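Residue-level listing of the chains:
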Amino acid sequence: MTAPVSSSWLTDCVRRRFPAGFAPDPVSLRGALEGRLADTRKARGKRHELASLVSVLVAGVAAALSGPLAVAQAAAGWDQEVLAAHVPRVILGTTFPAGHLVEPGVVEMDTGGETWLGPFGEDAEMLPAVERLASLLTRSGMPTKALPDARGAQWNKLIFNAATNPLGALTGLSHGQVCEQPGLRALVSALIAEDLAVAAALGITLDDDPEALVDHAAEVAYGHRASMPQDVAAHRRTEIDSLNGGIAALGRRLGVPTPLNDAIVALVQGLESPRG
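The model shown is predicted, which means the values in this text are computed figures rather than measured ones.

Q: Which parts of the structure should I look at to understand the overall build of the chain?
A: From N to C terminus, the chain includes twelve helices and six strands. The buried share of the chain, taken over its 276 residues, is 46%. A separation threshold of at least 6 residues defines the contact pool for the chain, and within that pool the share at least 24 residues apart is 67%. With the model as given, the accessible surface of the chain reaches about 12,800 Å², and the carbon-plus-sulfur share is 57%.

Here it is, written out as structure tokens:
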């Protein structure tokens, strides 16, 4: 699940409406989320995603009253700590399958991929629940791995997205076409290096090599256009603030320079600006 308007969309809803430690009932939560839905519509958010997201989140948090809430998110600045303060048990993760919207309610798969899940923080007692969920998802046809710490997988996907998606949005090229251009491929590597420095400052060890993932994706999903170029083409607001913007914000907090991410954010925000 990706926060379509900001990286803290769900947690902001919960934080505004409910005090820490209080598990809201589904009816109250629906009211809070629908109130934010109205706000985000005014902000030119992804309306079709927001409408369906309300029902998904209400069901998820309702289930969390008796079981864990799983959040698959590849964005920096996602307020996992705030969410965990309101939901007793949180499972974190990220997923790699990619596709594109053909029409409302119809998504065509461009490439498969694995999903990784792990407990929030260092809650070792949550690992059996993570393993059960991973097993259920795998048996349903969605290959999923349970990890004691999913942050490495999350940041691997985050860095992959932050280094490639904006370039597709800015150029209109597919992932494979971006990788064929020597200058653009060098920029991808420079962004990866900058992002790895932020991850290292956070003490996060990636579970794979983002460079290898970029090259692999160019082979198996040459024509894929990520969600960001799709959003730009549809004149929707992108996730740039929670991808490169989130990494840049963490870099400022940690004292790690992120000039390339800052530049990418400014360029994509320029694309998002209303045209006269």
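Q: Sorry, what's going on with the packing of helix H8 (residues 182-201) against helix H11 (residues 244-254) here?
A: Following both chains from N to C, one finds H8 and H11 inclined at 50°, their axes separated by 10 Å at the closest point. As summarised for this structure, H8 and H11 are arranged oblique, according to the angle between their axes. Between H8 and H11 lies a crossing of left-handed hand. On H11, the residues that touch Leu191, Asp195, Val198 and Ala201 of H8 are Asn244, Ile247, Leu250, Gly251 and Leu254.

Q: Help me out: how do you make sense of the packing of H11 against helix H12 (residues 259-272) in this one?
A: Between two packed helices, both the angle of their axes relative to each other and the distance between the axes serve to describe the pair. Close contact between H11 and H12 brings their axes to 9 Å; oriented N to C, the two are set at 140°. One way to sum up the angle between H11 and H12 is to call them oblique. In terms of crossing hand, the pair formed by H11 and H12 is left-handed. Seen from H11, the contacting residues are Asn244, Gly245, Ile247, Ala248 and Arg252; seen from H12, they are Asn261, Asp262, Ile264 and Val265. By residue class, the composition of the contact of H11 with H12 is four nonpolar, three polar and two charged.

Q: Can you help me understand the nonpolar core in this one?
A: For soluble globular proteins, the rule of thumb is that nonpolar side chains tend to be buried together. In terms of nonpolar packing, the biggest core is built from 35 residues, with Trp155 and Val188 touching the most fellow members. Contributing elements (two or more residues each) for this core: helix H6 (151-171), helix H7 (175-180), H8, helix H9 (210-220), H11 and H12. In terms of residue count, H6 provides more of this core than any other element does, nine residues in total. If we ignore the near neighbours within four places in the chain, the residues touching Val188 are Ala163, Thr164, Leu167, Val178 and Val214. By size, the runner-up hydrophobic cluster in this structure holds five residues, among which are Ile91, Met126, Ala129 and Val130.

Q: Just checking my understanding: could you explain the environment of Glu239 for this structure?
A: Residue placement: Glu239 occurs in the loop between helix H10 (227-233) and H11. With 29 residues separating them in the primary sequence, Glu239 and Val268 have C-alpha atoms 9.7 Å apart.

Q: How should I be thinking about the pattern of salt bridges in this particular structure?
A: Pairing between side chains of opposite charge can happen when the charged atoms of each approach one another. Here the structure, examined in full by the defined rule, presents seven salt bridges. With a shortest N-O distance of 3.4 Å, Asp262 and Arg252 are connected by a salt bridge. Of this pair, Asp262 sits in helix H12 while Arg252 sits in helix H11; the two residues are ten residues apart in sequence, bridging distant segments of the chain. Owing to a relative accessible area of 35%, Asp262 belongs among the partly exposed residues under this scheme. Beyond isolated ion pairs, a larger network of salt bridges with shared partners links Arg185, Glu211 and Asp215.

Q: Explanation requested: H11 in the structure shown.
A: One turn of the α-helix equals 3.6 residues, which is why residues spaced by three or four share an orientation. Taken together, the buried positions of H11 are Asn244, Gly245, Gly246, Ile247, Ala248, Leu250 and Gly251. Those residues of H11 that are buried are in contact with H6, H8 and H12. A positive phi of about 75° marks Gly255, the residue just after H11.

Q: What's the story with a nonpolar patch on the surface in this structure? I'm lost.
A: A contiguous nonpolar surface patch, about 220 Å² in accessible area, is contributed by Leu170, Leu267 and Leu271. Checked against the element boundaries, Leu267 lands in helix H12. Leu267 sits in the partly exposed class, given a relative accessible area of 49%.

Q: Teacher, can you tell me more about the pairing of strand E4 (residues 106-111) here?
A: Along any regular strand the residues' side chains alternate between the sheet's two faces. Across five bridges, strand E3 (residues 98-103) lies against E4 in antiparallel orientation. Across the sheet, His100 pairs through a bridge with Glu108, a residue of E4. Where E3 folds back onto E4 in an antiparallel hairpin, the turn is made up of two residues, including Gly105, whose phi is positive at roughly 85°.

Rules used in this analysis
Residues numbered from 1 in each chain as written. Predicted model: local features only at pLDDT ≥ 70, side-chain atom pairs only at ≥ 80, totals over all residues. Heavy atoms only, no water. Helix = DSSP H or I, 4+ residues; strand = E, 2+ residues; numbered from the N terminus. Buried < 20%, exposed > 50% of the residue type's maximum accessible area, 1.4 Å probe, protein only. Contact = heavy atoms within 4.5 Å. Areas by Shrake-Rupley, 256 points an atom, 1.4 Å probe, with all protein chains shown as cover. Axes fitted to C-alpha atoms, helices over the stretch in contact; angles between N-to-C directions. Parallel < 35°, antiparallel > 145°, perpendicular 65-115°, else oblique. Left-handed = near helix turned anticlockwise from the far one by under 90°. Nonpolar A, V, L, I, M, F, W, Y, C, P; charged D, E, K, R; others polar. Core = buried A, V, L, I, M, F, W, Y, C linked by side-chain atoms within 4.5 Å. Salt bridge = Lys/Arg side-chain N within 4 Å of Asp/Glu carboxyl O. Patch = residues over 30% accessible without salt bridge, like charges linked within 9 Å, V, L, I, M, F, W, Y side chains within 5 Å. Pairing = 2+ DSSP bridges.

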